[in-house]
Amino acid sequence: MRSVTAPRSLTGTGARFALLMVLVTASSVPMFNILVSNIRDRNDQGASQLRGTMGCLYAAGFDPTGSDLDNLQATMRRGGLLTQCLAEHAEGPYPGLLATLALFVLAALVYWFLPAVRDRRRRTVAVGEVDADGTLGAELAALHERTGIRPALRFRVDPARMTSGASVYGRTGSYTVCLHAGLLARRGTDPEGFRAVVLHELAHVHHRDVDYAYASTALWRVFVLFALLPTFAVDAWITVLALSGTDSPWWPDAATVIFASAGAGLLLAGLVHLARADLLRRRELHADVQAVEWGAHPANWDRPDPPGTASVVPLLYRLTTPLRTHPGWAERRRVLADTGRLSRVGPLEMFLTGASAALLASSLGTLTFLGAGSTSLWLAVALVTPVICLILGAPVVRARHTPAGRAGSGVVAGLWLGCGLLVGELVESGRYRVDWFLPEPQYLLAFLFIAAVPTVWWSQTLRLCLGLPKRVQRRAAAVLCAVVTAAVLWSGLWWWELGGRRIALGGGDMGGGGLAKYYARTVPGFWHDYTMDLSGLSWGLALITPLHREPPAGAATILMWLVPLVLLLMQRAGTRPRVRWTLGAGLAGGLMAWAGVALASLMLSFQRPGTPKERTGPFLVVHMWWTIVAVMAACLLTAALVAAFSRRHQLVRALIAAQVTQLTAYAGVFLLYASDGCLGPVNTVFDRCQWHTDNGSNVGRAVILLTFVSTVLGSACAALAGVGAAGAVRRMRGRRAAAGGPVRATVVPLRRGSALLGAGTVLTLGVPAVLLAAVVMTTSTSSAMSNQLLRESTESAKQPGKQPDKRPGTKEPDRAPPNSEAPKLRSWQTWSWLNNGGAVHAQQVTRAALALNAEILKTAAKKRNANGKVGADEKAFNRLCGTLGKRSQEAEGYFPVPVPDLQKPWSEALSRLRHGAGNCQAVTIPPEGGPPRTPAERERLFNASLYEILKGIRDIGNAYRSIYKAADTHGK
Amino acid sequence: MYVRDLVREVVAEHAAHELPLVDSLRKLDDDRVIRTLTGRGRKREPLGFGYAELAALVTPVVWLVLDQAARRTVDAAMESATARGRAGMRRLLRRTGTRAPAAPDRELAGLEPAELALVRRHILERAAERGIGLREAEALADSVVARIATGEGEQPAVADGPAAPPAPDAPRPPDVA
């Protein structure tokens, strides 16, 4: 029985090994892609280097000498067009995939044949050759028998090692235990020690450590040799070129992009080394425990550490511990004395897992065949979540079996995981940044919450899962909780992709108040009264909107509180904690939300415009915004307080309470707007008392849409903050929770009917929440105006997420011709602009203009009337002017010319053409309902429009020529 | 008489449990054995486990001292620097994996009484270094010296022969009257 539990507790390290190997494999795809493209394009000169994704970015106005924010805005200006261009020019990941496949095959061959090579090189000998009396072979066979190991196993002797040790190597299904020559002599004097060493090695075989250790080593060495070192070499070569005076706009302004790939490579190398050493150390300790279980005497571990390790330079020894693959004797003894240490969560492993997750997500994001959506992120999360769940789950499961066992809360582990994610993101983001520092680095701290919320949630719900009465229930619940943990982690990371990254780059409000300007433009009215509200609104919406239309996030937010609520109510009789207080706190929070909403209305009523029509303008938008603020604030505050005053299951209780608050608050919002006009000073738009169901449901839907997901996730973050604050206060007071909240860890005696009550509670809360989620996730159109605004804001928000696809620095700087930077960059930009559609648009406009010109000439050549004038074919002119107008409009929809002083004449000429063409159309076939005009007036207008068009044609010709000249300077 | 045979005889008599060790070492050539026995390198293998400290072993003591003695006789034969260089080159080649023709096993021949005394002293010194007790060390040293003295000029393979009596000129332990 005991031998079964050991491998199970080992599965955490197995998953980590698997994650490490997937990370190495996934990282090699983009690395090989860059290497292949570098080799393929090494001879490109001049314009040919501007094709592909770089061309798209230059055309959109990307500027390596600018700042991150400028580039973000430039690429966001025509986000859809840029996305389309990038999608058209995206290089397939196939060279990288093929190379990775080759790498994998090579690593597999190394893994397979390494044992044989090792045998040959070491000149090991069979045991029988040194076993004169046959006792050695018999003893080894007996030990093998005792462990019950099934795979093929052979023993050999390495005569060249005088130490009293052994090692094991091999490949799946065929293992070799290699005894050192010194160990053979030891068998005579210290037979117990001999057995301990052999059993330890057999434990490695039993735990499949040989497979993991040697497979990861083979893969890593092949990867270093064929991917990492060449990448470093290319980076070094680029740096040498740049330092040796090669002139390029990329240097030194955009040196970050050059160093980012080297930085990511170094991070990967450090990470793999530390993770591998950590895993091997853990596996050693597991093998010790297993060997003792098989009968080795623990006294054999009473060895002194080698001299010079602990005495001479203790600090150095401690510092280098994470790099060593073997634990010291003291550590081994500690673990043998208390095997619970094995399942303890270490900060290092969480940090490494976090950094691996960040690098993995970034590498998988380059696999374009996975689609532009969140598939790659799902994949990364699916690989990381089992690791997190197993690491954190082991101490929880163990604490349940041992009476005195105590598992951590998961907060510290989560924070370390977040630190890893943060570091990974910081290094990886260098690939698409040209500044050394993020403009708003404080937003990176969001990763602490992104990681801590799922880890704490998992730790607490797993405890609830283990309290279920039946084994099947426990297992099913644990699996469900792991899935929800994955969804919560995904939500956090996806929030960062959609919004957080942009905010950290300084573009939270779409750059320089873009969102505020958009509101001011689309909602007519007097916005100057609400400047402060508007800036708060655009900042707040940037934070809460990224996930508002993501169904997985919606599902995660419902399950985050519903699953624990059900688990709480299903706990084993006699140990069920009280939930009544939590629900009561939620209701109190709901009342607080009502009060907050009423207070916000009251404060705004002083600024209320005079007429209902005016009130539906900016006032209503601001009113809704403050309603949202009141609802969210109430929920977050409730969550923080409940978490601070709870003894156990803090996060879970906080989420349940916050959900009660949220649902109550939504009811309040509906009532406020539906009964608008009856509420005296709290009235919003109407003055007459009447029931407005539509008004209530429309505004309510908008509020729910914006807050449904973000409130739950925000409440979880607030709950963690509450736990932290309460912990700090308790520590300051110097006693553990003596102040005591109203909650004791009380248990409810089982009563008849309580199951019914529980089911009622779940249904009362769950059904409305699911219905609301279904409504907001499926509504495509909503009459509430904020919806419309938000759609635009999220659409633009997705653009920065596309940027990591490009790898500008790795291939550009070394090919820059030695010229002064500004004109060269201008020519790159304008050339790319022309190349990616500018020239085509100019051609189409010219063709339409020429057709019109031909018609003018044809008309002029007609026979003149008596008054010296000719009759024009109105239908033909209308058609041709329409075409010209359409072409001009299409050209205006293309990227603006990247150089501002060329953009002005170009856009002016286009708008003149469009205007003239519009007039021409309106005058030739007057639109219905237009003003009646006399023939003379029409003639005058027609001629004026034609003159305008002719002037526009001249202007656009000039503008195009100057653009072409600017593009032509770099000698194609 | 070959060094490796003498070592095995002595070990069989004084520390039979070390016989597998000697047998495994006998699979290597003399140079490699000496490198192994003198090497202090503690190379870590990924899944290795064991005790690094070298136990009070008899084998390295005897083998190293006898090898030194044998080499002195060989050194006298090839004093030229070129011969030494060739030996070094051979060692280098063997290390890189190309098998040079195996060097003949070292032989002990024609030791003077003064040299025998030196061998005895060296064994005592090395044994003390390795933590072997004085009495045991002296018995060991006496046994080695006696074997060299009696084995001279005879057939080398005497592994199964009766233990030779100590040589008359060997100094006796002080507690033996």
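All figures in this text were calculated on a predicted structure; none of them were measured in a lab. Counting of residues starts from 1 at the beginning of each chain's written sequence and follows it residue by residue. As they are written, the chains are lettered A onward and the ligands numbered 1 onward, keeping that order. pLDDT decides what is reported in this predicted model: residues at 70 or higher carry local features, side-chain atom pairs at 80 or more are listed and counted, and totals for whole chains, interfaces and linings draw on all residues regardless. Values shown for side chains rest on all heavy atoms present in the structure; no hydrogens or waters enter the calculation.

Peer 1: I tried to follow the overall build of chain B on my own but got confused; where do I start?
Peer 2: Strands here mean DSSP runs of E at least two residues long; helices mean DSSP runs of H or I at least four residues long; both are numbered from the N terminus. Looking only at helices and strands, chain B features 7 helices and 1 strand. When the helices and strands of chain B are read in sequence order from the N terminus, they spell out α-α-α-β-α-α-α-α. Residues counted as buried form 40% of the 177 residues belonging to chain B. In what follows, a contact means two residues having at least one pair of non-hydrogen atoms within 4.5 Å. Summarising the internal contacts of chain B: among those between residues at least 6 apart in sequence, 76% fall at separations of at least 24. For chain B, the exposed surface amounts to about 9700 Å²; the carbon and sulfur share of it is 54%. Exposure classes here rest on a 1.4 Å probe applied to the protein chains alone. A residue is buried below 20% of its type maximum, exposed above 50%, and partly exposed in between. Surface accessibility follows the Shrake-Rupley procedure with a 1.4 Å probe radius. Residue values consider only the protein chains on display as shielding.

Peer 1: What is the right way to read helix H13 (residues 329-337) of chain A from this model?
Peer 2: For H13(A), every residue scored as buried is listed here: A:Trp329, A:Arg332 and A:Val335. For H13(A), the arc enclosing every buried residue in end-on projection is 125 degrees, short of the 170-degree limit, so these residues lie on one face. Buried-residue contacts for H13(A) involve helix H9 (191-206) and helix H11 (255-293) of chain A together with strand E1 (49-51) of chain B. The arc in question is the one traced by the directions running from the helix axis out to the C-beta atoms.

Peer 1: What is the right way to look at the nonpolar core in this model?
Peer 2: All names here are of chain A. Buried Ala, Val, Leu, Ile, Met, Phe, Trp, Tyr and Cys residues that are joined via side-chain atoms within 4.5 Å together make up what is termed a nonpolar core. If you look at the biggest cluster of nonpolar residues, it comprises 204 residues, and the most contacted ones within it are Leu202, Phe223 and Met560. With 16 residues, helix H18 (residues 471-504) is the single largest residue contributor to this core. Setting aside residues no more than four positions away along its own chain, Leu202 makes contact with Leu143, His144, Thr147, Ile149, Leu153, Phe155, Val177 and Trp294. Residues Cys85, Ala254, Ala891 and Val897 belong to the second largest nonpolar core, which totals 50 residues.

Peer 1: Just to check I follow, could you spell out a nonpolar patch on the surface for this structure?
Peer 2: All names here are of chain A. Taken together, the side chains of Leu98, Leu101, Val105, Leu106, Leu109, Trp112, Phe113, Val117, Leu225, Phe226 and Leu229 make up a nonpolar region of the molecular surface, amounting to roughly 1100 Å² of accessible area. Those elements giving two or more residues to the nonpolar patch turn out to be helix H5 (94-122) and helix H10 (209-243). Ranked by residues supplied to the nonpolar patch, first place goes to H5 with 8 residues. Among the secondary structure elements, Leu106 is positioned in helix H5. Exposure above 30% relative accessible area and no salt bridge define the residues that can form patches, which grow by joining like charges within 9 Å and nonpolar side chains of Val, Leu, Ile, Met, Phe, Trp and Tyr within 5 Å. Salt bridge, as applied in this entry: a Lys or Arg side-chain nitrogen positioned within 4 Å of an Asp or Glu carboxyl oxygen.

Peer 1: Explanation requested: the sheet that holds strand E4 (residues 174-180) of chain A in the structure shown.
Peer 2: Pairing between strands is defined by DSSP: at least two bridges between them are needed. Strand order in the open sheet formed by 5 strands is E1(A)-E2(A)-E4(A)-E3(A)-E1(B), and the pairing between neighbours is mixed. Both outer strands of the open sheet, strand E1 (125-126) of chain A together with E1 of chain B, are each paired with one neighbouring strand and no more. H5(A) contacts strand E2 (152-158) and strand E3 (164-171) of chain A of the sheet and is inclined by roughly 140 degrees relative to E3(A). Only the stretch in contact is used when fitting a helix axis, every axis being a line fitted to C-alpha atoms; angles between N-to-C directions are given from 0 to 180 degrees. Relative to E3(A), H10(A) is tilted by about 75 degrees, and along the sheet it contacts E3 and E4 of chain A.

Peer 1: Looking at this structure, how should I read the state of the cysteines?
Peer 2: Any covalent bond linking the sulfur atoms of two cysteines counts as a disulfide. Residues and elements named next belong to chain A. Sulfur atoms of two cysteines make up a disulfide when they are within 2.5 Å. A complete count under the given rule lists 3 disulfides over all chains for this structure. Between Cys56 and Cys85 runs a disulfide, and the two sulfur atoms are separated by 2.0 Å. Its S-S torsion of about -80 degrees marks the bond between Cys56 and Cys85 as left-handed, since a negative value means left-handed. Of the two residues, Cys56 sits in helix H2 (residues 52-60) while Cys85 sits in helix H4 (residues 79-89), which places them 29 residues apart along the sequence.

Peer 1: Help me understand the side chain of A:Glu349 in this model?
Peer 2: Residue and element names in this part refer to chain A. Residue position: Glu349 is located in helix H14 (residues 347-365). Residue classification places Glu349 among the buried positions, given a relative accessible area of 4%. Counting of polar contacts relies on pairs of N or O atoms within 3.5 Å, with two restrictions inside protein: one atom must be capable of donating a hydrogen and the other of accepting it, and residues adjacent in sequence are counted only when both atoms are side-chain atoms. Of the polar contacts made by the side chain of Glu349, one reaches the backbone nitrogen of Gly346; its length is 2.8 Å. Ignoring sequence-local partners within four residues, the contact set of Glu349 consists of Arg16, Asp278, Arg282, Arg344 and Ile391.

Peer 1: Even after reading the chapter, I still don't get the interface of chain B and chain A, so can you show me in this structure?
Peer 2: Often, the extent of an interface is quoted as the loss of accessible area on bringing the components together. Taken together, the contact between chain B and chain A spans 30 residues of the former and 47 residues of the latter. Using a 1.4 Å probe, buried area is obtained as the accessible area two parts lose upon being combined, added over both of them. Looking at the side of chain B facing chain A, the largest losses of area belong to B:Leu47, B:Phe49 and B:Tyr51, adding up to 29% of the total buried there. Linking chain B with chain A are 1 salt bridge, by the criterion used here. Across the salt bridge formed by A:Glu129 and B:Lys27, the nearest N and O atoms sit 3.0 Å from each other. Across the chain B-chain A interface, the total number found is 4 residue pairs in polar contact (both at pLDDT 80 or more).

Peer 1: I tried to follow the pattern of salt bridges on my own but got confused; where do I start?
Peer 2: Where charged atoms from two side chains of opposite charge approach closely, those side chains can pair. Residues and elements named next belong to chain A. Per the stated rule, a full pass over the model turns up 36 salt bridges over all chains. In this structure, Asp211 and Arg208 form a salt bridge, with 3.0 Å as the shortest nitrogen-oxygen distance. Exposure remark for Asp211: the relative accessible area of 10% places this residue in the buried category. One salt bridge in this structure joins Glu331 and Arg334, with 2.9 Å as the shortest N-O distance. Of this pair, Glu331 and Arg334 both sit in helix H13, 3 residues apart, which is roughly one turn of that helix.

Peer 1: What exactly am I supposed to notice about the confidence of the model for chain B here?
Peer 2: The predicted coordinates ought not to be read in detail in places where the model reports low pLDDT. All names here are of chain B. Confidence in the prediction for chain B averages 72 pLDDT; 62% of positions are at 70 or higher. Ranking the elements of chain B by mean pLDDT puts helix H5 (residues 81-95) last, at 61, and helix H1 (residues 3-14) first, at 88. Between residues 96-100, whose pLDDT stays under 50, and residues either more than four places distant or in other chains, the model counts 3 contacts. Per-residue confidence from the predictor is reported as pLDDT, a score between 0 and 100. Predicted confidence is poor over residues 153-177, with pLDDT under 50, and the contacts of this stretch with residues over four places away or in other chains come to 17 contacts.

Peer 1: In this structure, what is going on with the packing of H11(A) against H14(A)? I would like to understand it.
Peer 2: Describing two packed helices takes the angle between their axes plus the distance from one axis to the other. Residues and elements named next belong to chain A. Put simply, H11 and H14 touch, their axes get as near as 10 Å, and they point 140 degrees apart. One element, H11, and the other, H14, form an angle in the oblique class. Judged by the sense of rotation from one axis to the other, the crossing of H11 with H14 is left-handed. Along the contact surface, H11 presents Leu267, Leu268, Leu271, Leu274, Ala275, Asp278, Arg281 and Arg282, while H14 presents Leu348, Glu349, Leu352, Ala355, Ser356 and Leu359. Should an angle fall under 35 degrees it is taken as roughly parallel, and over 145 as roughly antiparallel, whereas 65 to 115 is taken as roughly perpendicular and any remaining angle as oblique. In a left-handed crossing the near helix is turned counterclockwise from the far helix by less than a right angle, and in a right-handed crossing that turn is clockwise.

Peer 1: Would you explain the packing of aromatic side chains in this entry?
Peer 2: Within a pair of aromatic rings, the relevant descriptors are the distance that separates the centres and the angle that separates the planes. Residue and element names in this part refer to chain A. Two rings from Phe, Tyr or Trp (for Trp, the six-membered ring) form a pair when their centres are within 6.5 Å of each other. A pair whose planes differ by under 30 degrees is stacked, one over 60 is edge-to-face, and the rest are tilted. Summed over the entire model, instances satisfying the criterion amount to 16 aromatic pairs over all chains. Measuring from centroid to centroid gives 6.4 Å for Phe351 and Trp416, while their planes differ by 80 degrees, and the two rings are edge-to-face. Highlighted residues: Phe351 in helix H14 and Trp416 in helix H16 (residues 411-429), separated in sequence by 65 residues. Aromatic side chains Trp833 and Trp906 sit 5.2 Å apart centroid to centroid with 90 degrees between the ring planes, which places their arrangement in the edge-to-face category. Here Trp906 lies in helix H32 (residues 900-924) and Trp833 lies in helix H30 (residues 821-860), a separation of 73 residues in the sequence. Considered together, Trp833 and Trp906 belong to a single accessibility category, that of buried residues. The structure contains a cluster of three or more aromatic residues connected by ring pairs, namely Trp833, Tyr894, Phe895 and Trp906.

Peer 1: Whenever I open this one, the pairing of E3(A) confuses me. Can you help?
Peer 2: A regular strand places its side chains so that they alternate between the two faces of the sheet. For E3(A), the tally of buried residues reaches 7 of 8 residues, placing the bulk of the element in the interior. With 3 bridges joining them, E3(A) and E1(B) adopt antiparallel strand pairing. Paired with A:Gly165 across the bridge in E1(B) is B:Gly50. Where E3(A) meets E4(A), 6 bridges bridge the pair, whose relative direction is antiparallel. Looking across to E4(A), one finds that A:Val168 is bridged to A:Val177. Counting the residues that bridge the hairpin from E3(A) to E4(A) gives 2 residues, and of these A:Gly173 lies at a positive phi of roughly 85 degrees.

Peer 1: Which parts of the structure should I look at to understand helix H20 (residues 531-544) of chain A?
Peer 2: An α-helical turn contains 3.6 residues, so a residue and the one three or four places further along point in the same direction. Here the expected length of a helix is defined as 1.5 Å per residue gap, with one fewer gap than residues. End to end, H20(A) covers 20 Å across 14 residues, agreeing with the expected 20 Å (1.5 Å per residue, within 8%). Here H20(A) has its buried residues at A:Asp533, A:Leu534, A:Leu537, A:Ser538, A:Gly540, A:Leu541, A:Ala542 and A:Ile544.

Peer 1: Help me understand the environment of A:Phe526 in this model?
Peer 2: Residue and element names in this part refer to chain A. Within the secondary structure, Phe526 is located in the loop between helix H19 (514-522) and H20. A sequence separation of 91 residues divides Phe526 from Gly617, and the C-alpha atoms of the two residues are 8.2 Å apart. In this structure Phe526 touches Glu614 and Pro618, once residues within four positions along its chain are discounted.

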